[in-house]
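What follows is each chain in one-letter form.
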Amino acid sequence: MACGSALAVGPSLDKVVADALPNSGASISKITQGAYIAAAESPGEADVVFERILKQRTNWKSSEVYAILRAILLAVPALDPYMPPALEKVAKEYTQGNATARGTASNTPTTGTNNEAHLRGMAENIARLIVVQNIEGSVYNAIVRNVQHSMPSPAEQLAGGITEIAPSTPPTPETPPTPPPTSN
């Protein structure tokens, strides 16, 4: 099921996964732009996009994880209302020692529809993936606050350890320069 789910994601995912490799030299801006495009291409697979990007490195900074999450939420705005409760639920499970919060994301069946159960499942998978990345509790709490309030104050960003916030508007794809006109 997970293999079929990963294959259903659009072609932009392979590009951003390659950019997310540690030795790719890609900036976090390029990675978040790729995450946005891949999630927009396959909104029903946003958790798969997030998971495949995060799996490429073990040393993500908390600000980078948040920036990738923010890009995905911008691409799939239907997830917005489900993320704060999912983040809080998973954080609570994690502090209480629930094994599911410490494991990998569950393979929520993907139906291709954006029904409430599917969106809630994707949000919980995304929240669990953040826990699997071993983001410390204070930063996880800052992510919860930042998702709840679209534009956190600079004081909140610094207090939560988040130093690099993803843009509040979707990134624009790089366009090649227009060639000069040719004469006959």
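Bear in mind that the values here come from a model prediction, so they are computed numbers and not experimental data.

## Considering the overall build of the protein chain
- A tally of helices and strands in the protein chain yields 10 helices and 0 strands.
- Reading the protein chain from its N end, one meets helices and strands in the order α-α-α-α-α-α-α-α-α-α.
- Summarising the internal contacts of the protein chain: among those between residues at least 6 apart in sequence, 73% fall at separations of at least 24.
- A total of about 9,500 Å² of accessible surface is found on the protein chain, and carbon and sulfur atoms cover 55% of it.

## Side note on helix α5 (residues 62-75)
- For α5, spanning 14 residues, the distance from its first C-alpha to its last is 20 Å, which sits close to the expected 20 Å at 1.5 Å a residue.
- Among the 14 residues that make up α5, 14 are buried, leaving the element largely enclosed by the rest of the structure.

## Side note on the pattern of salt bridges
- For the structure shown, the criterion picks out 8 salt bridges.
- Here K55 and E51 are joined by a salt bridge, their closest N and O atoms 3.5 Å apart.
- When its relative accessible area of 62% is taken as the criterion, K55 is described as exposed.
- The network of salt bridges with shared partners includes K89, E93, E124 and R128.

## Brief notes about the packing of aromatic side chains
- Under the defined criterion, the tally for this structure stands at 0 aromatic pairs.
- The ring of W60 carries the charged tip of R57 above its face, separated from the ring centre by 4.6 Å.

The rules behind these values
- Residues numbered from 1 in each chain as written.
- Predicted model: local features only at pLDDT ≥ 70, side-chain atom pairs only at ≥ 80, totals over all residues.
- Heavy atoms only, no water.
- Helix = DSSP H or I, 4+ residues; strand = E, 2+ residues; numbered from the N terminus.
- Contact = heavy atoms within 4.5 Å.
- Areas by Shrake-Rupley, 256 points an atom, 1.4 Å probe, with all protein chains shown as cover.
- Expected span 1.5 Å × (residues − 1).
- Buried < 20%, exposed > 50% of the residue type's maximum accessible area, 1.4 Å probe, protein only.
- Salt bridge = Lys/Arg side-chain N within 4 Å of Asp/Glu carboxyl O.
- Phe/Tyr/Trp six-rings, centres within 6.5 Å; stacked < 30°, edge-to-face > 60°.
- Lys NZ or Arg CZ within 6 Å of the ring centre and 35° of its normal.

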